[in-house]
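# Inside the fold
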Amino acid sequence: MADEVLITNEGGVRIITLNRPDRLNALNGAIMAPLADACADAARDASVGCVVVTGAGRGFCAGGDLKDGGGDKAVVPANPESGSRAEQSFVRLRGFMETARLLHEMPKPTIAMVNGPVAGAGIGIAGACDLRFAARSASFLTAFDKIGAGGDFGSTWFWTKILGTGVARELFLLGEKLSGEEAFTKGIYTRLFDDEALRAETLKAAHRLADGPRMGFRYMKQNLNNAEDWSFEAQFDAEALNMGLSTQATAMIWREARKANEDKGG
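Note that this is a predicted model, so its numbers are computed, not measured.

Reading the values: rules and limits
Residues numbered from 1 in each chain as written. Predicted model: local features only at pLDDT ≥ 70, side-chain atom pairs only at ≥ 80, totals over all residues. Heavy atoms only, no water. Buried < 20%, exposed > 50% of the residue type's maximum accessible area, 1.4 Å probe, protein only. Helix = DSSP H or I, 4+ residues; strand = E, 2+ residues; numbered from the N terminus. Arc of directions from axis to C-beta. Contact = heavy atoms within 4.5 Å. Phe/Tyr/Trp six-rings, centres within 6.5 Å; stacked < 30°, edge-to-face > 60°. Lys NZ or Arg CZ within 6 Å of the ring centre and 35° of its normal.

### A look at helix α6 (residues 165-174)
Those residues of α6 lying buried are A168, L171 and F172. Buried residues in α6, looked at end-on, bunch into an arc of 90 degrees, giving them a common side. Structural note: α6 exposes R169, L173 and L174 on the side pointing more than 90 degrees away from its buried face. Where the residues of α6 are buried, they touch α4 (121-128), β7 (140-141), α5 (155-163) and α7 (180-186). Phi turns positive one or two residues past the end of α6, at G175, with a value near 60 degrees.

Given below as structure tokens:
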């Protein structure tokens, strides 16, 4: 994995750190590809029970790195193999945006540990996570209006679902910067901690999740994701099915763990 993305494991917790602190972890091609790969690896790694995403230094993610040239240097003139410039840009960005899809859909809890400013595409990454634990210094800014952009990394979808259409439109259209306290009050951040306590409190929750009933959380997250779009009756059917699947699986896992402990003389 490239140095722009750091991967660490603490028990069943996988910590993914955006590592461009000199640029407030702004996204460019060098960081977006390994970030998507890191999320894909965490999603399929059975040893991982919870994923924490954070940023190095004093910020979470400042969005796209406009100072990096603005344009996509990997896009080449139109040709029969790659298509038009617009098509190439779409394909590359859509691939990078898998980061947000994976954080939202992977069958395990995900936490954004928001250690400072977050803006632009960064709010999509934060919004993709199941929980957002933030430092008091963690400001929040949509920022897309500043560059005349519509929004990416699922940001308009996630924040409409999380906050409702009225608040989401306020945030995106007015583009006002919120302090950590203001963002917490609006429901953007799940928990707000003093800066020096953020890491310890986030990892405490992450270990609790990683050490908990993983099959239960897997089906619980599936139910919660289904509820975003499914009809009432379809959701009831899925809950009934998943309740049986999850409790049976969890009971079997606990029974095997207990037997293994007894065999060791525990």
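The rest of the description comes next.
### Some details on the packing of aromatic side chains
For the structure shown, the criterion picks out six aromatic pairs. Plain terms: the ring middles of F133 and F193 are 5.8 Å apart, the flat faces sit at 70 degrees to each other, and that makes the pair edge-to-face. Here F133, found in strand β6 (residues 131-135), pairs with F193, found in strand β8 (residues 191-193); they are 60 residues apart in sequence, far enough to count as distant. The exposure class of F193 is buried, given its relative accessible area of 16%. Between F232 and F236 the ring centres are 4.5 Å apart and the planes differ by 45 degrees, which places this aromatic pair in the tilted class. Placement of both F232 and F236 in helix α10 (residues 232-263) is noted, with a separation of four residues, approximately one turn of the helix. One aromatic cluster in this structure is built from F140, W159 and Y189. Over the ring of Y219 we find R218; its NZ or CZ atom is 5.7 Å from the centre of that ring.

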